[in-house]
Structures are given as C-alpha cells and as structure tokens.
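# Analysis of the macromolecular model
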Amino acid sequence: QSAKFLKDQDFWLEEFATSVPETNLSFGEKLPEDITCQRLTFTLPDELYRTVDSYCNSNQVTLFQLFYTVLHTYIARVTGNYDGVIGIAHHGRKNARQRQMPGMFVSTVPIRVSCQGQDTFTELQQLVGKKLRNTARYQQYPYDELAQRLQEQGQSVSGLLNINLVQVPEWRTM
C-alpha cells in the first residue's frame, strides 16, 4: 500500500469518522433488501437550460454543483436531516495521459455534506463546491475499501450510496 493510498484512506476515514447518515427518500417505508434501483432522467428545456446556465455563470458555480446543492437541500428539507451523503460518479482520470486512454476509470464517490438549517442557499453552494473539489483529490480510493474499513469500525455502510447524482453531458452546442 502506497503512501498515496494511505493518505486517501485517512481522508475518507476522517470524512466518515462519525456514523454514516441514512440518506434516502423512503419516507418511512422499509427499504428493499435487494440492490434493485430506479433511474430518473431529466432533460431541461432549452429556455430553462439557458436560465440555469446564466445563473451558474453569475454565481460562479458549475451546473453539477448547483444540482447537487438543489438535491441536498430538497433531501434535507423533506427528511429534516442536514447531514447527508449523495454519491457521485467521478471520471477517475488523474492526468492528461489517462484522459487519452480508452477504458473504464469511473469512481463512485460518496460526498458527505453537513450543513445547518439556517445556511443560505449560496452558503450551501459554496460548501458543496469546496467538498466536490476536495474529494476529487481522493477519488481513487476504492469504495469497497472504504466500506470494509467502516464496517471494521462497527459502522453501517447502508447509507453511503442510497442516492447518486450523475451528470451526463448532452453533446449539443448552445
């Protein structure tokens, strides 16, 4: 195990040093035992996309950062839990050489955001942006390693990846 691997491991174990919050939208219903999931896909109409894009440019946030913040805010409001984990897919390519290489490099990364109920949306957007940038440095640490280490510490990992947000680029010009 390299020094980089151990540094990444330390980061993730610190990130989840306290128990992993159950982030879900089950609304009190028992979650299924199997791993069946449901995919919801949304495409913004052109006019709304331009409005959202303008908002992002004006506020210096990425489209993904905005939607992550919106989803986190929605989950926090409907569940009352302001400490939540939403998984993201990260490209997993750390350098220019890897970006040119064919193959599957995707890492699934659990992003934990803890906020206060009185935080403004702008404050939360900035917190989310900081989290996304910071965790990108450690995204090559294997998810299964993290889950195993947390279980060894007696933590439940069922809340790590209940909800995932993935941005799929639409190949069009505006």
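Residues numbered from 1 in each chain as written. Predicted model: local features only at pLDDT ≥ 70, side-chain atom pairs only at ≥ 80, totals over all residues. Heavy atoms only, no water.

## Regarding the overall build of the protein
Tallying secondary structure elements over the protein gives 6 helices and 3 strands in all. Mapped from its N terminus to its C terminus, the protein presents α and β elements in the order α-α-α-β-α-β-α-α-β. The long-range fraction of contacts in the protein, counting pairs at least 24 apart against all pairs at least 6 apart in sequence, stands at 73%. A total of about 11500 Å² of accessible surface is found on the protein, and carbon and sulfur atoms cover 53% of it. (Helix = DSSP H or I, 4+ residues; strand = E, 2+ residues; numbered from the N terminus. Contact = heavy atoms within 4.5 Å. Areas by Shrake-Rupley, 256 points an atom, 1.4 Å probe, with all protein chains shown as cover.)

## Some words on the side chain of Gln65
Mapped onto the secondary structure, Gln65 falls in helix α3 (residues 63-79). Apart from residues no more than four positions distant in its own chain, Gln65 is found in contact with Gln125, Gln126, Val128, Gly129 and Leu132.

## A closer look at the sheet that holds strand β2 (residues 107-114)
The strand order across the open sheet built from 3 strands is β2-β1-β3, with neighbouring strands paired in mixed fashion. Each edge of the sheet is formed by a strand with only one pairing partner; in this case those strands are β2 and β3 (164-165). The sheet contact formed by strand β1 (residues 83-90) and β2 spans 8 bridges and is antiparallel. The partner of Asp83 across the bridge, within β2, is Ser114. (Pairing = 2+ DSSP bridges.)

## What about the packing of aromatic side chains?
One pass over the structure, following the stated rule, counts 4 aromatic pairs. With centroids separated by 5.0 Å and ring planes inclined at 85°, the aromatic side chains of Phe11 and Trp12 adopt a geometry described as edge-to-face. An identical accessibility class is assigned to Phe11 and Trp12; each is buried. Ring centres of Trp12 and Phe16 lie 6.3 Å apart, and the angle between their planes is 15°; this geometry places the pair in the stacked category. Here the aromatic residues Phe11, Trp12, Phe16 and Tyr138 are joined through ring pairs into a cluster of three or more. (Phe/Tyr/Trp six-rings, centres within 6.5 Å; stacked < 30°, edge-to-face > 60°. Buried < 20%, exposed > 50% of the residue type's maximum accessible area, 1.4 Å probe, protein only.)

## As for the packing of α3 against helix α5 (residues 121-136)
α5 packs onto α3 with a crossing angle of 115° between their chain directions and a minimal axis gap of 9 Å. The hand of the α3/α5 crossing is right-handed. Judged by residue contacts, Phe64, Gln65, Leu66, Tyr68, Thr69, Val70, His72 and Thr73 of α3 engage Phe121, Leu124, Gln125, Gln126, Val128, Gly129 and Leu132 from α5. When grouped by side-chain class, the residues that make up the contact of α3 with α5 number 8 nonpolar, 7 polar and no charged. (Axes fitted to C-alpha atoms, helices over the stretch in contact; angles between N-to-C directions. Left-handed = near helix turned anticlockwise from the far one by under 90°. Nonpolar A, V, L, I, M, F, W, Y, C, P; charged D, E, K, R; others polar.)

## Overview of the packing of helix α2 (residues 46-59) against α3
Taken N-terminus to C-terminus, the directions of α2 and α3 make an angle of 100°; their axes are 9 Å apart at the nearest point. Put simply, α2 runs roughly perpendicular to α3. Here α2 contributes Tyr49, Val52, Tyr55 and Cys56 to the contact with α3, which in turn contributes Leu63, Leu66 and Phe67. Considered class by class, the residues forming the contact of α2 with α3 number 7 nonpolar, no polar and no charged. (Parallel < 35°, antiparallel > 145°, perpendicular 65-115°, else oblique.)

## Quick look at the confidence of the model for the protein
Summing up the model confidence of the protein, the mean pLDDT is 84 and the portion of residues at 70 or higher is 88%. Looking at the elements of the protein, mean pLDDT is at its lowest for helix α4 (residues 96-100), recorded as 76, and at its highest for helix α1 (residues 3-15), recorded as 94. (pLDDT = per-residue confidence, 0-100.)

## Focus on a positive patch on the surface
A grouping of Lys7, Lys94, Lys130, Arg133 and Arg137 is seen on the molecular surface, where their side chains present a positively charged patch. If you trace the backbone, Arg137 turns up in the loop between α5 and α6 (143-152). (Patch = residues over 30% accessible without salt bridge, like charges linked within 9 Å, V, L, I, M, F, W, Y side chains within 5 Å. Salt bridge = Lys/Arg side-chain N within 4 Å of Asp/Glu carboxyl O. Lys, Arg positive; Asp, Glu negative; His and termini not counted. Charge placed at Lys NZ, Arg CZ, Asp CG, Glu CD.)

## A look at the environment of Arg77
Looking at where Arg77 falls in the secondary structure, it is placed in helix α3. Residue classification places Arg77 among the exposed residues on the basis of a relative accessible area of 63%. With 40 residues separating them in the primary sequence, Arg77 and Gly117 have C-alpha atoms 8.5 Å apart.

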